[in-house]
Amino acid sequence: MAALTLININWQLEANASAHHTDKYSSTELIVRKGQAFTVILTFNRALQTGESLTFTAETGPKPSLQAKTQAVFDISSTASNSTWSAVQRSTNSSSVNISISSPANAAIGRYKLSVQPASGGSASRRTLGTFVLLFNPWSSGDDVFMPDSTERKEYVLEEFGIVFVGNINRISKMGWNYGQFQGDILNICLSILDRSLSYRKDPATDVSRRNDPKYVGRVLSAMVNSNDDNGVLLGNWSGNYSGGTSPSSWNGSVEILRKWKDAGFKPVKYGQCWVFASVLTTVLRCLGIPTRMISNFNSAHDADRNLSVDVYYDESGNPLNMGGDSIWNFHVWNESWFTRSDLGPSYNGWQILDATPQERSAGIFQCGPASLVAIKEGDVDLDYDSPFIFAEVNADRITWTYDIRTREAKPISSETKSVGQFTSTKAVGSYARVDVTNNYKYREGSQKEREVYEKARTKLGRVHGFSATSEKRPEIDQKPEISGKFKVDGSLEIGKDVSLILVLRNLTSDAKTVKANMTAWTIVYTGKPIHEVWKDSFSSTLASEEEKQFPIKITYAEYQQNLTRDNMIRVTALCQIESGIDVVVERNITLDNPDLVMQVLSDAKVNEPVNVEVIFTNPLDQEVKDCVLQAEGSDLLKGKLKIEMPSLQPRQSSKVPFEIIPTKSGTKQLLINFSCDKFPDVKAFETINVAN
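Calculation notes
- Along each chain, the written sequence defines residue order, and numbers are assigned to residues from 1.
- Given that the model is predicted, a residue must reach a pLDDT of at least 70 before its local features are reported, and side-chain atom pairs must reach 80 or more before they are shown or counted; all residues, however, enter totals for whole chains, interfaces and linings.
- Side-chain descriptors were evaluated using all non-hydrogen atoms of the structure, hydrogens and water having been removed beforehand.
- Site definitions follow a grid-based scheme: protein atoms alone, a 1 Å grid, a 1.4 Å probe that fits but cannot get out for cavities, and for pockets an open set with protein on both sides within 12 Å along at least five of seven lines, plus lining residues having an atom within 4 Å of a point.
- Grid points are joined across faces, edges and corners, and a volume is the space filled by probe spheres set on the points.
- Only Asp, Glu, Lys and Arg are considered charged, only Ala, Val, Leu, Ile, Met, Phe, Trp, Tyr, Cys and Pro nonpolar, and every remaining residue, Gly among them, polar.
- Here a pair means two rings of Phe, Tyr or Trp (six-membered ring of Trp) with centres within 6.5 Å. Their orientation is stacked below 30 degrees between planes, edge-to-face above 60, and tilted elsewhere.
- By definition, any uninterrupted DSSP run of H or I lasting at least four residues is a helix, any uninterrupted run of E lasting at least two residues is a strand, and each is numbered from the N terminus.
- Classification of residues uses two cut-offs on accessible area relative to the type maximum, computed with a 1.4 Å probe and protein chains only: under 20% is buried, over 50% is exposed, and between them is partly exposed.
- Our definition puts a charge over a ring when NZ of Lys or CZ of Arg is within 6 Å of the ring centre and also within 35 degrees of the ring normal.
- A 3.5 Å cut-off defines polar contacts: any pair of N or O atoms within that distance qualifies, except that in protein one atom must be a possible hydrogen donor and the other a possible acceptor, and neighbouring residues in sequence count only when both atoms are side-chain atoms.
- Between two residues, a contact is recorded if the distance between any of their heavy atoms is within 4.5 Å.
- Each domain span listed reflects an automatic or database assignment of domains.
- Joining two parts hides part of their accessible area as seen by a 1.4 Å probe, and the buried area is that hidden amount summed over both.
- Whenever Lys or Arg places a side-chain nitrogen within 4 Å of a carboxyl oxygen from Asp or Glu, that contact is recorded as a salt bridge.

1. Quick look at empty space enclosed by the protein
If a probe as big as a water molecule is rolled over the atoms, it shows which places are left empty.
So, point 1. All told, the structure shown has 2 cavities of 30 Å³ or more when counted by the stated rule.
So, point 2. Of the voids in this model, the largest cavity is the one considered here, and its volume is about 90 Å³.
So, point 3. Around the largest cavity, the lining residues are Arg-306, Asp-355, Thr-357, Gln-359, Glu-360, Arg-361, Ser-362, Phe-366, Gln-367, Cys-368, Asp-386 and Phe-389.
So, point 4. Looking at the second largest cavity, its volume works out to about 70 Å³.
So, point 5. What lines the second largest cavity is simply Glu-155, Tyr-156, Gly-162, Ile-163, Tyr-179, Arg-286, Arg-293, Met-294, Thr-426 and Lys-427.
So, point 6. Split into classes, the residues belonging to the lining of the second largest cavity amount to 4 nonpolar, 2 polar and 4 charged.

Spelled out as structure tokens, the structure:
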């Protein structure tokens, strides 16, 4: 009888992809999820005889080993196993055998090589069948990333687009983002990110064996999505000058960034800021099967010295000073991923915070998380990983100081417990609505429980960093303020128009008070970093007993036009001084609106049929705008990015730009556009399109 020889393998790509929820990936390779069986059909030169058996080997990484669980050798058995690799013969039809192969729920993810060795008395050689990719499995209750709710799985694993909340506490806006985790080559790029990490370079075999653990994979990726330390995906830049690269606010999606990184020979892509890092991390984690969402935190603290308070300094003219490492960002975006915490205990399971924006080093490199959301809310800042930094982002106290440049004396003038960490937001499941998740991060501001948790966190940190929770950095402010103030917006806030504000000051005492107000306006980056002073003024006024007065302020377009950053943000400050009283700082961050960009999809969308789209932009200025470019992208709607150069626009002139998309897949898709010119960089719009078969 002829020796048993393999002639063909049928990977059953369609049936397996459907059963494993991997049918959206653009790949000719088998992609399956761990802890779940997949089927292959093997065809031999003849039928298997009684006594003949098959031995399979599945292995991953550069040095597969049984001990490290990166190699498994298994024969055909009568039943599938949950805890080990196994193969069950489902049926046989003359020379073809239908085999069901199961992987354990704790297998490492990655690309595996599968081979078979027929055993029939004689020694047959092992034959490689090919490769397949194994991913995390949120559908399987045995997997660390198991997510029981099917609508949440659809959103947090399978959705290829979303929105990011940006702006400031007075004006939260949203922009679309193309995650594109199932687009061509993205899965391969995500696997190469893991293979380029410092951990892999140091010890490839151990690194690959740890890829069964979402804690490990998430932490490695939080380091690799930024380029610090490891030539990772994105180079951060918060300078306001983005020459030599793409401005962070120009990106509309992750696909272009990840492909650029690969095409440049894995050199960092210029440039990223927090929402870009978080969006790319969302793409990579969802691609590998870890449920992930984006979180935007407004008035987000960067506490560099780990004392849970953020110090903000002003000079006597009301100018913001760049002193100390602390800052308060208008907003900051990070990620939450869903998995269990076997290292901390079941009460810390669920959402885990990861942050790929390089802010502070953790264990020597720029990585952050995973920190358990429950641990943050309960003040358990001694638990892994990076809990103190994240706790401070949402719950630090803010201490405001005046600094005398001549005497080098700093004086604390106010301490606030409620301003940091507001309107913490994420996208609703299945819609573009904003869901406020602030209460997931902390107890209600002003409640006794919130203060108890804060003090608990300070006590725990004090033990680690050697300061007393009661004394360290808690300056005594010996006087109460005698006046209060706020800035009110008077009219619309639009680029191209003057900014009109009203400073409202109120005397809190029964005696008349003379106030001297030193006012400044600076253009800023969204991190609060001052870029350029654009306006200043001062006045003195006497307020009668308990009197409230209003002082109108105007900052003209001519004053701010040249120095506005792409964030469109201005910080207005009034330092109010009262003789023998305590200084009061009144501050407001304002975001100026871009002009509207109108997009219309002119017909119903069907697969492989052209759809006409029209974009209208109107120049609102009394001057010409030049260098106009429209860019469009959308997974399964356009191949890559469409770029259309437009003629200059005269004052008040409108321009109508038609273009065509050809959808390649059915379902709900997102089309994103970005219009830029010399006066308005990065005006954005997005539209959801339902594509029929």
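2. Side note on the packing of aromatic side chains
So, point 1. Under the definition given, this model contains 26 aromatic pairs.
So, point 2. Both rings, one in Tyr-432 and one in Phe-686, keep their centres 5.1 Å apart while their planes meet at 70°; by these two values the pair is edge-to-face. One end of the pair, Tyr-432, is in the loop between strand S23 (422-427) and strand S24 (434-436); the other, Phe-686, is in strand S39 (residues 683-692), with 254 residues separating them in the sequence.
So, point 3. Judged by relative accessible area, which is 22%, Tyr-432 ranks as partly exposed.
So, point 4. Above the ring of Tyr-443, the side-chain terminus of Lys-377 is found at 4.6 Å from the ring centroid.
So, point 5. Note that Arg-451 overlies the ring of Tyr-454, its terminal NZ or CZ placed 4.3 Å from the centroid.

3. Looking at the side chain of Ser-197
So, point 1. With respect to the helices and strands, the residue Ser-197 is situated in the loop between helix H3 (186-195) and helix H4 (198-202).
So, point 2. Of the residues examined, Ser-197 reaches a relative accessible area of 2% and is grouped as buried.
So, point 3. At 3.2 Å, the side chain of Ser-197 and the backbone oxygen of Leu-194 are in polar contact.
So, point 4. Setting aside residues no more than four positions away along its own chain, Ser-197 makes contact with Asp-207, Val-220 and Met-224.

4. Describing the domain arrangement of the protein
So, point 1. Assigned domains within the protein: domain 1 (6-135), domain 2 (160-465), domain 3 (483-591) and domain 4 (597-691).
So, point 2. Relative to domain 4, the C-alpha centre of domain 2 lies at a distance of 31 Å.
So, point 3. Facing the 20 residues of domain 2 at the interface are 15 residues of domain 4.
So, point 4. Taken together, both faces of the contact between domain 2 and domain 4 bury some 1,400 Å²; the carbon and sulfur share is 43%.
So, point 5. The largest per-residue losses of area from domain 2 upon contact with domain 4 belong to Phe-161, Asn-178 and Asn-252, which jointly make up 38% of the total buried on that side.
So, point 6. Counting every contact that joins domain 2 to domain 4 gives 1 salt bridge.
So, point 7. For the interface between domain 2 and domain 4, the tally reads 13 residue pairs in polar contact (both at pLDDT 80 or more).
So, point 8. Going through the elements one at a time, strand S11 (161-168), strand S12 (171-178) and helix H7 (254-263) are the ones with two or more residues in the side of domain 2 that touches domain 4.
So, point 9. With 5 residues, S12 is the single largest residue contributor to the side of domain 2 that touches domain 4.

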